[in-house]
Amino acid sequence: MEKNKAFQFFYSVMLCGFIISCVALASRLAESHCGNEFYEQISVKEWRTVNISLPQRPKSTIPENPKLPVVLAGSSSHFVQFAEEYPNAVAWLQISDTSVDYPVMLGADNQFYLKHLPNGSKNAMGSLFLDCRSDSGSLHWIIYGHNLADGKMFGMLKEYEDPNFFADHSSLIVETLDSVYICPIFSIRRVNADSDAFMLDFTNAGSFDEYINQAASESLYPIEADLDKAVKILTLSTCTERYNQRFIVQAILM
């Protein structure tokens, strides 16, 4: 009798655990579906009015970036409309021929958009967002995003560890309310979460130049870029398999 009671108790606990796990999984799948659906509906590929073709380069070599960034006058009307509907949208980021095709949000802190879509609904996919300490006058813009297993958000950034991938995706496209920028990548690296790589304030031009040169020297592989013309830095940051490590892709703005 005692053995039967013990078995029934064990069975009940296991059944409850199974049911809870199923409910949690279903909730997670439904949330993921909602997030994917939202981003598919707002995809810039459906409405971009400025077509940008990046030059093809041999995969066997690490290319020298062309004389960029280039500013294309004017933005698409859809982005203006999107920013009107979602006032916290400050830019749109795109990496050609990849899944990166998202709005960039700016919150009151660096926590809200980790777990919320641009429309404010709670979702584990979150949003790409600009460091809340940044403003239009900042010399360093940092954009954060989740490293999702399916490659969504910034899950594909790890592809940049392969020089052949970089050869075909050597520039980032950033659209603001008045311009479209093509920004050449100059550094790809793994850094600690508290690294100086996330420095936002530079005391003078010398410290800014020193930062850029150090970032370029620490890149996983050498990248040729005209760093003398850089007046701003754009950093894409995502987490890695190590808790205190971040994977970053850095580009220059003119």
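I will try to describe carefully the structure that is included in this document. (Residues numbered from 1 in each chain as written. Predicted model: local features only at pLDDT ≥ 70, side-chain atom pairs only at ≥ 80, totals over all residues. Heavy atoms only, no water.)

1. Some remarks on the packing of aromatic side chains
Let me state the cut-off plainly: The criterion for an aromatic pair is that two Phe, Tyr or Trp rings (for Trp, the six-membered ring) have centres within 6.5 Å, with stacked assigned to planes under 30 degrees apart, edge-to-face to planes over 60 apart and tilted to the rest.
The final tally for this structure, using the stated rule, is 12 aromatic pairs. Between Y160 and F165, the aromatic rings sit 5.0 Å apart at their centres with planes inclined by 90 degrees, giving edge-to-face as the arrangement. Among the aromatic side chains, those forming a connected cluster through ring pairs are F38, Y39, F79, F82, Y86, W92 and Y102.

2. Side note on the layout of surface pockets
What counts, and what does not: Using a grid of 1 Å spacing that covers the protein atoms alone, one calls a set of points a cavity when a 1.4 Å probe fits there but cannot get out, and a pocket when the set is open and has protein on both sides within 12 Å along at least five of seven lines; lining residues are those with an atom within 4 Å of a point. Grid points are joined across faces, edges and corners, and a volume is the space filled by probe spheres set on the points. Per the convention used, a helix needs a DSSP run of H or I reaching at least four residues, while a strand needs a run of E reaching at least two, with both numbered from the N terminus. Gly is placed with the polar residues, together with every amino acid not listed as nonpolar (Ala, Val, Leu, Ile, Met, Phe, Trp, Tyr, Cys and Pro) or charged (Asp, Glu, Lys and Arg).
Roughly 400 Å³ of volume is contained in the largest pocket. Taken together, 20 residues form the lining of the largest pocket, with V90, A91, S136, W141 and T176 sitting closest to its centre. Taken together, the elements giving at least two residues each to the lining of the largest pocket come down to β2 (89-94) and β5 (140-144). Considering each element in turn, the lining of the largest pocket owes the most residues, 3 residues, to β2. Classifying every residue of the lining of the largest pocket gives 14 nonpolar, 3 polar and 3 charged. By volume, the second largest pocket amounts to about 310 Å³. Lining the second largest pocket we find 16 residues, and of these L114, F129, Y144, S237 and R246 sit closest to its centre. Ranked by residue count, the leading element in the lining of the second largest pocket is strand β8 (residues 232-239), at 3 residues. Its residues placed into classes, the lining of the second largest pocket shows 7 nonpolar, 6 polar and 3 charged.

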